[in-house]
Amino acid sequence: MAVALSHSYHYCHNSITPIKLSEKRLDDSRPRSSKQIPSCRRKPENSIEKRRDLSLTQALQNHIHSGQMRDALEIFEKINSSETFIWNLMIRGFADNGLFLHAIDFYHRMEREGIQADNFTYPFVTKACGASLSMAEGQKIHGKLFKVGLGSDVCVFNSLVSMYAKLGCMECAGKVFDEMPVKDLVSWNSLVSGYAAIGDGRNSLACLLDLQAFGMKPDRFSMIGALKACSVECFIQSGREVHCQVLKCGFESDLMVQTSLLDMYSKCGRVNYAERLFHDISQKNIVVWNAMIGGYVLNSQPLKSFACLKRMQEEDNLSPDVVSIINFLPACAQLGAFLDGKSAHGYAIRIVPHVVLETSLIDFYGAFGKPKLAEYIFGHMEEKSLVTWNSMIAAYAQNEQNKEALDLFQELLTKPLQPDAITIASILPAYSEAASLKEGKQIHGYISKSEHHSNTYILNSLVYMYAKCGEVETAREIFDRILVRDVSSWNSVIMAHAIHGFGRKSIELFSEMRDEGIKPNYITFVSLLTSCSTSGLVDKGWELFNSMKKDYDIDPGIEHYGCILDIIGRTGDLDRAKNFVEEMPLAPTGRIWGSLLTASRNHRNIEFAEFAAQHIFDLEHDNTGCYVLLSNLYAEAERWGDVERIKSLMKQRGLEKTVGWSLVENTTSCKPHRFINQDKSHVQTNMIYDVLSILSRKIAEEKNVRGMTEFRPLDSPANHGVRLAICFGLISTKVGSPVLVRKNTRICEDCHSAVKKISKITKREIVVGEPKVFHHFVNGNCSCGDYW
DNA sequence: ATAGGGTTAG
């Protein structure tokens, strides 16, 4: 309890130091029977005492009102009263000042000291239970009510309904409601806002209709609850109907109703309606301003959000509060205004600690590619919510810090917080990029056992993850078992086949998708065009590219241009590729020039490669892969001077060639091993090299001829890690099953042609996964069509 | 001295 009490200070808006309420109780050796114990507290006996108490009570109330609960407590102890009223004041004081656990604790103290709780006590303490999410406490108090004969007080019951609603248990709230001997409008309103709060707009609106069917007239609270229901579900039509009712009932000049209307319209994507309402509000408080600032952000109008924050200060002389900042930060992210966000951070620093604000800052720094700054905030937070963890995981995952994301997720699993659907959806991309197949299967198992096992959003990510981890068949199986498939499900399964070079399958899936009446979107075409480029479906690729705008009204984006450029590159028409880049309506990115570079390498054109590489270096001068690729090209042309020049350039810029490794994923042996080139560290090295030498003899490759083409001349491709891994895979996986090897770099040409032969000799399918694409070697052929 | 309301993070 001591720990729990210290937690409650984050809700505290005043500056009291921890009250050790529990100490007294811990030393308390009195019996804990449910029987009433007569109170040993004093009662005022004469008029002087009564007058003294009255003025002390007044002081007590003043302290409570100004949030000085420490001072209030001091006076409370001085009064030493057995009057329920005084105790009620204290419990209400704690609850109103955000010290919910203190409020509950005080109620227990009251019980122990034999002070009778009354119909006022219960609403205060149930409010505290709801706000502190203390379900167990709430249920205990619920049970107690009947024993003290308050089983028919409508106010007490209403407070119970709203407590269960706050705890998110609308079944419990509904049950209490059903059992109420007398129901009033407040009871109904509690249901309306309760359902809205858990995101169940349908039931909320149903309650609004029901209460009217029972002959009650909705009031402003009913309207506010119903508008929340419309906004959480984006029910614009119902929202308009509620708006009409607001006008009919004459609530249109109620500021809270106006705010709710404004928020409803902006959440439903009708920011111009929100704006119109906003302009018509003559007396704007900070809440209305904040709602408008947030409304612009929600509707991607960050400039207006900026202007609104400024006007709020100038026109109404209001200082931004914590909500203003929380709403404003995403506007900075949308606008790319890093400095404005940073100064908002500086302004807000005085409000910290504040969980929501700090979480927003993590999102902000995550969005600006500054995971280190996000990490700093995360590391210095006093209290973290699940949302905080989710934001930090996402900040890592969005910035290619996949290992960090995975580690943080593992750490979260050791905490009492239960990951939710957002957590899983945020972590799965990191699994896709950085996890082994085995780890992927573990998270799959975790999801299957969790309540999220049939969440479409999560399963979509899982489909993609399996493909990225090497098992496209499993990806397909999961897709087949998704109960409600949305456009992303189809995008995922199409992309799954795309990265494995099964382009025709992707095209088939696309037509199945259309048969099911699912409309393709921007991403669908990225997946489809990726398929066409990895599988060499040149004509199909152009056909799809041209139909995007024509048949689906989707403007091609930079990703689509990249795929088409890959397709042109495959054909070897480098002039056309270059022209395509120059005539593109969008600014070329590193990925675009990378595509031209790949094409130049594949067609051995040093001039084009240099041209492309120069552009890449202009954009990102730390692109290690680009240096290595260029150097390999020079080596192949025996331009050793240029090889040296690139080498020293890299050294000068502090860049090191990535150490390539290859890992067998589906071995039956328990220890995974990363093979580097010329690796001799595995315990079974001798056997692996024996197998390799048999295979090398069989494929009769000419050693040392192509070996000179590598970055390091001594690095003979005959002993490259991928071959060692494959040999290890051949002896440590089930006979007849595919050998799955994953690499952190692209496979070299020598190995590619060697692996094709190995697949034929051994009659085994060999799957080699690179960061972007998988090669399926079957019977001497590769799914990439020898272009990658 | 009485419960029910609006703005906020993924």
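For the structure itself, consult the block above.
Since we're looking at a predicted model, the values are computed, not measured.

About the cut-offs
- Residues numbered from 1 in each chain as written.
- Chains lettered and ligands numbered in written order.
- Predicted model: local features only at pLDDT ≥ 70, side-chain atom pairs only at ≥ 80, totals over all residues.
- Heavy atoms only, no water.
- Helix = DSSP H or I, 4+ residues; strand = E, 2+ residues; numbered from the N terminus.
- Axes fitted to C-alpha atoms, helices over the stretch in contact; angles between N-to-C directions.
- Parallel < 35°, antiparallel > 145°, perpendicular 65-115°, else oblique.
- Left-handed = near helix turned anticlockwise from the far one by under 90°.
- Contact = heavy atoms within 4.5 Å.
- Expected span 1.5 Å × (residues − 1).
- Bend = angle between axes of the 7 residues up to and from the residue.
- Buried < 20%, exposed > 50% of the residue type's maximum accessible area, 1.4 Å probe, protein only.
- Near = heavy atom within 4 Å.
- Polar contact = N/O pair within 3.5 Å; in protein donor to acceptor, adjacent residues only side chain to side chain.
- Nonpolar A, V, L, I, M, F, W, Y, C, P; charged D, E, K, R; others polar.
- Phe/Tyr/Trp six-rings, centres within 6.5 Å; stacked < 30°, edge-to-face > 60°.

Colleague: Explain unusual backbone geometry to me, and be specific about the residues and the numbers.
Modeller: With a phi close to 55 degrees, Cys 234 is a non-glycine residue in the positive phi region. Relative to the elements of secondary structure, Cys 234 occurs in the loop between helix H13 (220–233) and helix H14 (236–249). At Asp 786, a residue that is not glycine, the phi angle is positive and equals roughly 60 degrees. Note that Asp 786 resides in the segment after strand S6 (781–782).

Colleague: For the packing of helix H26 (residues 437–449) against helix H27 (residues 456–469), give the residues involved together with the corresponding values.
Modeller: The contact between H26 and H27 brings their axes to 10 Å, and the two run at 160 degrees. What the angle tells us is that H26 and H27 run roughly antiparallel. As for the relative orientation of H26 and H27, their crossing is left-handed in sense. Counting all contacts with H26, which are made through Leu 437, Gly 440, Lys 441, Ile 443, His 444 and Ile 447, the residues of H27 involved are Ile 458, Leu 462, Met 465, Tyr 466 and Cys 469.

Colleague: Lay out helix H32 (residues 538–552) with the relevant residues and their values.
Modeller: The terminal C-alpha atoms of H32, which comprises 15 residues, lie 20 Å apart, in line with the 21 Å expected from a rise of 1.5 Å per residue. Of all bends in H32, the biggest is about 35 degrees, found at Asn 546. The set of residues buried in H32 consists of Gly 541, Trp 542, Leu 544, Phe 545, Ser 547 and Met 548. Looking at the buried positions of H32, the neighbouring elements they touch are helix H30 (503–515), helix H31 (522–535), helix H33 (558–571) and helix H34 (574–583). With its phi angle positive at about 55 degrees, Asp 553 sits one or two positions after the end of H32.

Colleague: Run through the protein's contact with DNA strand B, naming residues and quoting values.
Modeller: Within the structure, DNA strand B sits among 36 residues, and Cys 155, Val 186, Arg 220, Met 256 and Asp 420 are positioned closest to it. In the interface set of DNA strand B, defined as its atoms within 4 Å of the protein, sugar plus phosphate atoms amount to 44%. One of the side-chain nitrogen or oxygen atoms of Asp 263 is found 3.4 Å away from a phosphate oxygen of DNA strand B. At a separation of 2.8 Å, a base nitrogen of DNA strand B approaches a polar side-chain atom of Asn 285. Of all the secondary structure elements, the ones that give two or more residues to the surface near DNA strand B are helix H9 (154–166), helix H11 (185–197), H13, helix H15 (255–267), helix H17 (286–298), helix H19 (322–335), helix H21 (355–367) and helix H23 (386–398). In terms of residue class, the surface near DNA strand B is made up of 16 nonpolar, 14 polar and 6 charged.

Colleague: Any details on the packing of aromatic side chains? Residues and values, ideally.
Modeller: The full count for this structure, using the stated rule, is 29 aromatic pairs. Centroid distance Phe 177 to Trp 188: 4.8 Å. Interplanar angle 75 degrees. Geometry classified as edge-to-face. Here Phe 177 is found in helix H10 (residues 170–179), whereas its partner Trp 188 is found in helix H11, with 11 residues between them in sequence. On the basis of relative accessible area, Phe 177 is assigned to the buried category, the value being 6%. The interplanar angle of 55 degrees and the centroid separation of 5.4 Å between the aromatic rings of Phe 525 and Tyr 552 together place this pair among those described as tilted. Of this pair, Phe 525 sits in helix H31 while Tyr 552 sits in helix H32, and the two are 27 residues apart along the sequence. Connected via pairs of aromatic rings, a cluster forms that spans Phe 76, Trp 87, Phe 94 and Phe 106.

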